[in-house]
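Reading the structure
So the chains spell out like this:
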Amino acid sequence: MKIITIVGIRKSGKTSTVTALIEAIRRRGKRVGTCKTVFCPTFSMDTSTSNTARHRRAGSELVCARARFETTFLYPEALPLSRILEAYRDCDYVLLEGDYAAPVPRIVCAHQAEDALPRMNSRTLAFAGRISQKPEIELPLPRYNALEDADALLDYIDQKIPDIQPCALLDEPLPPVAGVTDDGFCQCGCHHNEKKQEKDTLQVFVGGDEITLTAAQRAAILALLKEDVDAE
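Criteria and cut-off values
Residues numbered from 1 in each chain as written. Predicted model: local features only at pLDDT ≥ 70, side-chain atom pairs only at ≥ 80, totals over all residues. Heavy atoms only, no water. Core = buried A, V, L, I, M, F, W, Y, C linked by side-chain atoms within 4.5 Å. Buried < 20%, exposed > 50% of the residue type's maximum accessible area, 1.4 Å probe, protein only. Helix = DSSP H or I, 4+ residues; strand = E, 2+ residues; numbered from the N terminus. Contact = heavy atoms within 4.5 Å. Pairing = 2+ DSSP bridges. Axes fitted to C-alpha atoms, helices over the stretch in contact; angles between N-to-C directions. Phe/Tyr/Trp six-rings, centres within 6.5 Å; stacked < 30°, edge-to-face > 60°.

**Thoughts on the nonpolar core**
- Core analysis: the largest hydrophobic core is formed by 22 residues, its most contacted members being Ile4, Ile6, Ile107, Leu153 and Ile157.
- Of all elements in the fold, only β1 (2-8), α1 (14-27), β5 (93-97), β6 (106-109), β7 (124-128) and α5 (146-160) reach the threshold of two or more residues within this core.
- Leaving out residues up to four positions away in the same chain, Ile107 has contacts with Ile4, Thr5, Ile6, Val7, Ala126, Phe127, Ala128, Leu153 and Ile157.

**Overview of the sheet that holds strand β2 (residues 32-36)**
- Pairing is parallel in the open sheet, where five strands are placed in the order β2-β5-β1-β6-β7. Whereas interior strands pair on both sides, the edge strands pair on one side only; in this sheet they are β2 and β7. Ignoring strand direction, the axes of neighbouring strands in this sheet form an average angle of 20°.
- Note: β2 against β5, five bridges, orientation parallel. Residue pairing across strands places Thr34 opposite Leu95, the latter belonging to β5.
- Sheet contacts for α1: β1, β2, β5, β6 and β7; angle to β5, the most-contacted strand, approximately 170°.
- Across the sheet, α5 lies against β1, β5, β6 and β7, angled at about 175° from β7, the strand it touches most.

**Regarding the packing of aromatic side chains**
- Here the structure, examined in full by the defined rule, presents one aromatic pair.
- Judged by centre distance (5.2 Å) and plane angle (40°), the ring pair of Tyr144 and Tyr156 falls under tilted. Of this pair, Tyr144 sits in the loop between β7 and α5 while Tyr156 sits in helix α5, and the two are twelve residues apart along the sequence.
- On the accessibility criterion, Tyr156 (11% relative accessible area) is buried.

**Focus on the environment of Leu147**
- Here Leu147 is to be found in helix α5.
- In this structure Leu147 comes out as exposed when scored by relative accessible area, which is 60%.
- Distance in space between the C-alpha atoms of Leu147 and Ala128 is 9.6 Å, their sequence separation being 19 residues.

Take a look at the structure:
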């Protein structure tokens, strides 16, 4: 199993690099798995009003949601990387997107040198993403445009990365990168919306009972109220 993490500033081409590598790996008849790190403190695969959330609140230590074409396991904790990778044992490659803490080889996606160089570490192999389309920028390591030649990047990965198996050493996180705001930091902007959410607080009561609204319902009602105010 070859494990590599693809990191970088927002909108720098991380996901595009990951998907291009996935396609290149599959063309070679190899198996690949991916793991996306999400920094948002409010993010959850489950909603607070779902049946699976009720199972978890009641004390179930492992919850599974099984649909016709998908199976999702919900653990009530953030699992260590070595335990997560146990599920990938049959994969030839595992691509981690956005995991700065993983002590594994790294590809840095960036826009400019100023957001590329701070994200380097001793495990960095190459640069990719948008900066790969700017040959005028000097970089200390090779750059690859995965959208145009993912096979070249994959060949480079094969040359540089040995096969390893999940082990406890993978659970020793790297220290945060000084001055890098997206290193373990929410990028969705929810922390900027706290005041706006307080201003737009909306409670709906029917027969004296408060009704829980979905995000779509809440947005629709607020939009209607705003239309009424504008009309006045």
